[in-house]
Structures are given as C-alpha cells and as structure tokens.
Amino acid sequence: MVRIVAVCGAGLGSSFACQMAIEQAMQALGVNAKVSHTDTSTISAIINDADIVVSGKNYQKLPKPVVFLDRLVDKAEITEKLTPILKEMGELK
C-alpha cells in the first residue's frame, strides 16, 4: 500500500479536496493507497509516514517524491503525475 499525503497552507479545504481527488484517481488506477491531508507546518513531523507528498508547489525539497499540482483537484493531472512514481515503486504495472 502506498501512503500519499496532500499538503496545503491550512491543511483544510484545498488539501482535503486534493485528498478526495487522489483517492478517486488511485481507485481508477487500481492502486491500494492510504491518502491523508495536512498543512505546511505539520508535514515535517509526519513526512516519514508518507511515500509521496502532493502539494500545490509549497515545497521544493523533501526526502520523498513530491508531486506539484497546478490544479489540486484535477484527477487527470493527479493520475498523469503519480503514474510514473507508482510504476517506479512497483505499485502499478
């Protein structure tokens, strides 16, 4: 199971909407994923619990793959950007 965390400034609206879009994209891809959301202050404390971080360009360097989205709830963009990482992780064929 891949663990994905969506991040936004407050950890409420945008990251929660992004979480829901990621969940739908992962379901469509057939990937078993645990998706959560948080704020920019908390991500540092929980980074070790994530395999992938998805953000609206809030971060440049983290010790995990970071996916930067132009549109946080665009399932097509989420799918496009997560697919290569998921393949590299062996979560997708």
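About the cut-offs
- Residues numbered from 1 in each chain as written.
- Predicted model: local features only at pLDDT ≥ 70, side-chain atom pairs only at ≥ 80, totals over all residues.
- Heavy atoms only, no water.
- Salt bridge = Lys/Arg side-chain N within 4 Å of Asp/Glu carboxyl O.
- Buried < 20%, exposed > 50% of the residue type's maximum accessible area, 1.4 Å probe, protein only.
- pLDDT = per-residue confidence, 0-100.
- Helix = DSSP H or I, 4+ residues; strand = E, 2+ residues; numbered from the N terminus.
- Core = buried A, V, L, I, M, F, W, Y, C linked by side-chain atoms within 4.5 Å.
- Contact = heavy atoms within 4.5 Å.
- Expected span 1.5 Å × (residues − 1).
- Pairing = 2+ DSSP bridges.
- Axes fitted to C-alpha atoms, helices over the stretch in contact; angles between N-to-C directions.

Colleague: Help me out: how do you make sense of the pattern of salt bridges in this one?
Modeller: Pairing of side chains with opposite charge becomes possible as their charged atoms draw close. Applying the stated rule across the entire model yields 5 salt bridges. For the salt bridge of D74 with R71, the shortest nitrogen-to-oxygen distance reads 2.8 Å. Classification of R71 by relative accessible area gives partly exposed; the value is 46%. Overlapping salt bridges bring together D70, R71, D74, E77 and K81 as one network.

Colleague: What is the right way to look at the confidence of the model for the protein chain in this model?
Modeller: Fine structural detail should not be taken from predicted coordinates in areas where pLDDT scores are low. Considering every residue of the protein chain, the mean pLDDT works out to 85; 88% of them sit at 70 or more. The secondary structure element of the protein chain with the lowest average pLDDT is strand β4 (residues 66-68), at 79, and the one with the highest is strand β2 (residues 33-39), at 93.

Colleague: Is there a simple way to explain the nonpolar core in this structure?
Modeller: A general trend in soluble globular proteins is that nonpolar side chains are found buried together. The biggest cluster of nonpolar side chains holds 19 residues, and the ones touching the most others in it are I4, I22, M26, I52, V54, L82 and L86. If you list the elements that add at least two residues to this core, you get β1 (2-8), α1 (13-29), β3 (52-55) and α3 (75-88). With 5 residues, α1 is the largest single contributor of residues to this core. Residues in contact with L86, not counting those within four places in the same chain, are V2, M26, L29, V31, I52, E91 and L92. One finds V7, I43, I47 and V53 within the second-largest nonpolar core, a separate group that totals 7 residues.

Colleague: Explain α1 to me, please; I cannot follow it from the model alone.
Modeller: Because the α-helix completes a turn every 3.6 residues, residues three or four places apart line up on one side. Taking 1.5 Å of rise per residue, 17 residues should cover 24 Å, and α1 covers 24 Å from first to last C-alpha, within 8% of that figure. Turning to α1, its buried residues are S15, C18, Q19, A21, I22, A25 and M26. Just past α1, the residue G30 takes up positive phi, approximately 75 degrees.

Colleague: Looking at this model, I keep getting lost on the environment of V7. Mind explaining?
Modeller: Within the secondary structure, V7 sits in strand β1. A relative accessible area of 2% means that V7 is categorised as buried. Residues V7 and S36, spaced 29 residues apart in sequence, show a C-alpha to C-alpha distance of 8.8 Å.

Colleague: Where do I start with the pairing of β3 in this structure?
Modeller: On a regular strand, one side chain projects to one face of the sheet and the next to the other, so that they alternate. Here β3 shows no split at all, with I52 and V54 on one side and V53 and S55 on the other all buried. Pairing between β3 and β4: 3 bridges, direction parallel. Residue pairing for β4: V53 is matched across the bridge by V66.

Colleague: Would you take a moment to explain the sheet that holds β3 for this structure?
Modeller: Sheets are built from strands paired through backbone hydrogen bonds, the pairs being either parallel or antiparallel. Ordered in space as β2-β1-β3-β4, the 4 strands form an open sheet in which the pairing is parallel. Unpaired on one side and paired on the other, β2 and β4 mark the two borders of the sheet. Between one strand and the next, the sheet's axes are offset by a mean angle of 25 degrees, whatever the strand orientation. The strands touched by α3 are β1, β3 and β4; relative to β4, the strand with the most contacts, the crossing angle is about 155 degrees.

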